[in-house]
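Survey of secondary and tertiary structure
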Amino acid sequence: MIGRPGAILGLAVSVATALFSPPTPAPPITPAPVAQAQPSTSAPRPKSAPAELLDQRTSSSTTFRHPNGARTIVLSAGPIRIRRGTTWEPIDLTLRRDQNGIHPASAPYTLRLADGGTPADAASVLGPDGTETALSWGATLPAPTLAGNRATYAGARPGSDLVVEATRSGFAAWLAPSTPTPAGLSTPTPLTLHMTKPGGAAEMLPQPEARPLLSGPIGSLASTAVTDRVVASAVTPTVRPFGTTVQNATPDSALWGDPDLRVGSYDGTTVARSYLSWDLGALHGQQVTHAALRVFSSWSSSCQPQSWEVWSSQPVGPATRWSDQPAGEQRWATSTATKGHDAGCAPGWVNVDVTDLVKAWVQAGATSGTVLLRATDESSPQGWKRFSSGEGMNVPALGVTVAPVNPTP
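Residues numbered from 1 in each chain as written. Predicted model: local features only at pLDDT ≥ 70, side-chain atom pairs only at ≥ 80, totals over all residues. Heavy atoms only, no water.

What follows covers the pattern of salt bridges. Evaluation of the coordinates by the stated rule reveals 11 salt bridges. Of the charged contacts in the structure, one is a salt bridge between Asp-115 and Arg-97, with a shortest N-O distance of 3.0 Å. A residue pair is termed long-range when its members are at least 10 positions apart, and Asp-115 in the loop between β8 (110-113) and β9 (121-126) and Arg-97 in strand β6 (residues 92-98) qualify at 18 residues. Classification of Asp-115 as partly exposed rests on a relative accessible area of 35%. Take Arg-97: its relative accessible area is 42%, and that puts it in the partly exposed class. In this structure, Asp-258 engages Arg-262 in a salt bridge whose closest nitrogen and oxygen atoms are separated by 3.6 Å. (Salt bridge = Lys/Arg side-chain N within 4 Å of Asp/Glu carboxyl O. Helix = DSSP H or I, 4+ residues; strand = E, 2+ residues; numbered from the N terminus. Buried < 20%, exposed > 50% of the residue type's maximum accessible area, 1.4 Å probe, protein only.)

Moving on, we come to the nonpolar core. Within soluble globular proteins, side chains that are nonpolar generally end up buried alongside one another. Formed by 31 residues in total, the largest nonpolar core has its most connected members in Trp-278, Val-310, Val-354, Val-358 and Leu-373. The contacts of Leu-373, once residues within four sequence positions are left out, are Val-263, Arg-273, Ser-274, Leu-276, Leu-293, Trp-308, Glu-309, Val-310 and Phe-387. One finds Ala-114, Ala-156, Leu-175 and Ala-232 within the second-largest nonpolar core, a separate group that totals 25 residues. (Core = buried A, V, L, I, M, F, W, Y, C linked by side-chain atoms within 4.5 Å. Contact = heavy atoms within 4.5 Å.)

Take the sheet that holds strand β14 (residues 170-177) next. Read across the sheet, 5 strands follow the order β11-β12-β13-β14-β19 without closing on themselves; strand pairing throughout is antiparallel. The open sheet terminates on both sides in strands that have one partner only, identified here as β11 (145-147) and β19 (229-233). Across the sheet, the axes of successive neighbouring strands diverge by a mean angle of 20°, strand direction being ignored. (Pairing = 2+ DSSP bridges. Axes fitted to C-alpha atoms, helices over the stretch in contact; angles between N-to-C directions.)

Right, let's talk about the confidence of the model for the chain for a bit. Averaged over every residue, the pLDDT of the chain is 83; residues scoring 70 or more account for 79%. Taken together, the stretch residues 1-45 has pLDDT below 50 and engages in 132 contacts with residues farther than four places along the chain or on a different chain. (pLDDT = per-residue confidence, 0-100.)

Among the 5 residues of β19, 5 are classified as buried, and the element is accordingly described as predominantly covered. Of the two faces of β19, the one carrying Arg-229, Val-231 and Ser-233 and the one carrying Val-230 and Ala-232 are both buried. Of the pairings in the sheet, the one linking β14 to β19 comprises 5 bridges and is antiparallel in character. Residue pairing in the sheet places Ala-172 in a bridge with Val-231 of β19.

Two orientations exist for strands paired in a sheet by backbone hydrogen bonds: parallel and antiparallel. Read across the sheet, 5 strands follow the order β20-β22-β27-β24-β25 without closing on themselves; strand pairing throughout is antiparallel. Each having just a single partner strand, β20 (242-247) and β25 (328-335) make up the two edges of the open sheet. Recorded for the sheet is a direction-independent mean angle of 25° between the axes of neighbouring strands. Both strand β24 (residues 308-313) and strand β27 (residues 368-375) contribute to a ladder of 6 bridges, which runs antiparallel. The residue bridging Ser-313 from the neighbouring strand is Thr-370, located in β27.

Counting buried residues along strand β13 (residues 160-166), 7 of its 7 residues qualify, which places the element largely inside the surrounding structure. Taking every second residue as pointing to the same face, both faces of β13 are buried, with Ser-160, Leu-162, Val-164 and Ala-166 on one and Asp-161, Val-163 and Glu-165 on the other. Sheet topology places strand β12 (residues 150-157) next to β13; 5 bridges connect them, and they run antiparallel. In the sheet register, Tyr-153 faces β13, and the bridge partner there is Leu-162. From the end of β12 to the start of β13, which pair antiparallel, there are 2 residues, and Gly-159 there has a positive phi angle of about 80°. Pairing geometry for β13 and β14, over 7 bridges, is antiparallel. For Leu-162, the partnering residue across the bridge sits in β14 and is Leu-175. Linking two consecutive strands that pair antiparallel, namely β13 and β14, is a turn of 3 residues.

Laid out in structure tokens, this is it:
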């Protein structure tokens, strides 16, 4: 399926606040995500800095050469650049408004958002085969407020704002309850995706069961509004890198394409886990000296350090769901890094040492590697976290440093 609905999440109000806040822009893609040995002087000479090997760039990998001949290979969990003729252009999901309407500055697929009025579709993305996947609307929309890769249509429905977020393969859209939520608000009409193939009529995509957006203090289960969320993708991923979330509240739903990776439980009952996979072809035959997993923590339900884990896993793909998820094979790393709750622990990047895991993959001759991210305590709402996926503004990466091929004696 080229377009598909995403999961509809029920969250406590503090989690909902984070979900609907603008993302932090991604840092430049060139720095390697692993720490390197520093020169003895306090001011490194420019010539000692690692240099990117431009001829080894791909849409999702970046390679740096260090002065001693070692290399750091950064495998991103999603595309970070697009091939334009003979050059690579960085992907920039920041929404722009110009004579062509509202669209990302630079994206792999043609994405258009409505700029108010009475559009038939609030957003649409065009696939490489000409198939269009769109969010049906056909009612009045206000002109949106743009912030990063998000457009917010205030009051698009009674008691709700429509939020549309550009992703690397399409868009995610949801209804965010207004603050304060009007008393006695009834269930709104669910968001609806439709797909139109070249020469064919529009086909409605199946919609997931609506779930309440929970409001109130952390741990409160008082439902004061109803929301839903859909995710549209221009393509179905067929190769790695790949990432997805599985969640027991939607056991038979595929959640790939969403800009979030989720781990833990927001209510002590609903549990989410996430997977990331990479092509390891560039590491074949190499001697791994260091490896780190780099993820952007966009939201945590608490500022207190809460443990989460990195496990190795069998491969995953678009068909992976909670009901058929691969079990974790071995736990390789544990982190208590907790970011993204409030001003005291703002969203930010987190590095986890996975050297032993990557060494094991390479020594076994693995052609691909998959990690499972999960909370250590999946029954505690304090461990609920959201990381940016390979579809979001801040793409996860696996940074691997390998020894020189012919080291100097």
